[in-house]
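As a plain string of letters, each chain reads:
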Amino acid sequence: MKKVIIITNPTAGHHSRSRISRFVRHLEQAGPRATIARTQYPGHATILARDAAASGLYSHIIAAGGDGTIAEVAAGMIGTSAILGILPLGSANVLAHELKIPFNEIRNAALIQAGHFTTIWPGYLHTKAGRQLFVQMASIGFDAHIVHGTSTRLKAWVGRAAYAVSTLSSLFRFELTEFTVLIDDIPHRATTVIVSKGSLYAGKYELTHHSAHGDRNFSVILFETSGKLALVRTILSLFLGRIGQQKGTRTLTASTVRIPSPAAIPIQSDGDRKGFSPVHLDISASPLHVATGPTPPPAG
Ligand SMILES: Nc1ncnc2c1ncn2[C@@H]1O[C@H](COP(=O)(O)OP(=O)(O)OP(=O)(O)O)[C@@H](O)[C@H]1O
């Protein structure tokens, strides 16, 4: 094992200097030296990760933050041999839940030292603003309107409750409109689309039964409802873990999703605003190696 660099986002929901210090102490006890690099602005983590990977000095590049920080770090190191570590210090930490990364720093440091990793295939979304990598999920429509409307200040103050406030406001303010979505080039109609690599949503809620992290595919959840009451029922069923049985939703598997609509439908990925339609989503051509526990033996 070479050196380790920790790229930390001081604005992430549960950023904690003392937790990072404890993590570093336990990591260094077993040998590897750790460097800490703090981000100074959105997108900085990608530059720091790119420089770290290009230096060849580090076997592990650790993203200390939430899904947005992980995505930015991943964008800088994908396609290199470095392993991405996750120190979950964000608000929702969906990928960390999904990959069963320990939230305890001591166990997390032990996991990094053990050197195991899992290979995942992140997604890219392409908009007018360019290409953005996402690790967990992206969405277009109502769900993204909630993220666009979530105040960063309120989120810093009350954490995930800020999304509840924005959900209520979106229910009144967002005009649900039907648009065309091409899923592997086949046209469908929907009012909201979630494109997910994982099986979880907003923390630990189950969105699909299957995680597509290890596949070169997405799970695509189509919301076909155009009534707000039906939408409230759908949202509730998501938080009750019954989305799969909900009328008006469909789950498909695909490797490309295209929404040509010029109607400026909001987009988010990994919990961050990513502009408006038109948008095209596909799978990264290179995989990403993520430090996890040892892979469980196949069942049976
Ligand atoms: N120094 C910085 N100042 C302002 N914003 C930053 C800085 N560093 C990173 N960011 C931005 O902070 C955003 C939020 O980070 P992140 O998603 O990791 O935290 P979170 O929203 O609390 O966690 P989660 O996505 O798990 O809910 C990222 O998209 C990133 O662009």
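As annotated in an unreviewed UniProt entry, the protein is Diacylglycerol kinase family lipid kinase from Gluconacetobacter aggeris.

Trainee: Mind laying out the domain arrangement of the protein, listing which residues take part and the relevant values?
Mentor: Its domain assignment divides the protein into domain 1 (3–115) and domain 2 (123–283). For domain 1 and domain 2, the distance between their C-alpha centres works out to 26 Å. Contact residues are listed per partner, giving 15 residues for domain 1 and 18 residues for domain 2. When residues of the side of domain 1 that touches domain 2 are traced back to their parent elements, those giving at least two are helix 3 (67–77) and helix 4 (94–98). Considering every element that reaches the side of domain 1 that touches domain 2, the biggest residue donor is helix 3, with 6 residues. Among the residues making up the side of domain 1 that touches domain 2, the classes are represented as 8 nonpolar, 5 polar and 2 charged.

Trainee: Just give me the short version of the site of the ligand, but keep the residues and values in it.
Mentor: Near the ligand, the surroundings consist of 24 residues, among which G13, P42, G66, G68 and G90 are the closest. Ranked by the residues each element gives to the shell around the ligand, the list is headed by helix 3, at 4 residues. Per-class residue counts for the shell around the ligand are 5 nonpolar, 15 polar and 4 charged. Counting the residues that make up the shell around the ligand, at least three belong to each of domain 1 (3–115) and domain 2 (123–283).

About the cut-offs
Residues numbered from 1 in each chain as written. Predicted model: local features only at pLDDT ≥ 70, side-chain atom pairs only at ≥ 80, totals over all residues. Domains from an automatic or database assignment. Contact = placed C-beta atoms within 7 Å. Helix = DSSP H or I, 4+ residues; strand = E, 2+ residues; numbered from the N terminus. Nonpolar A, V, L, I, M, F, W, Y, C, P; charged D, E, K, R; others polar. Near = placed C-beta within 6 Å.

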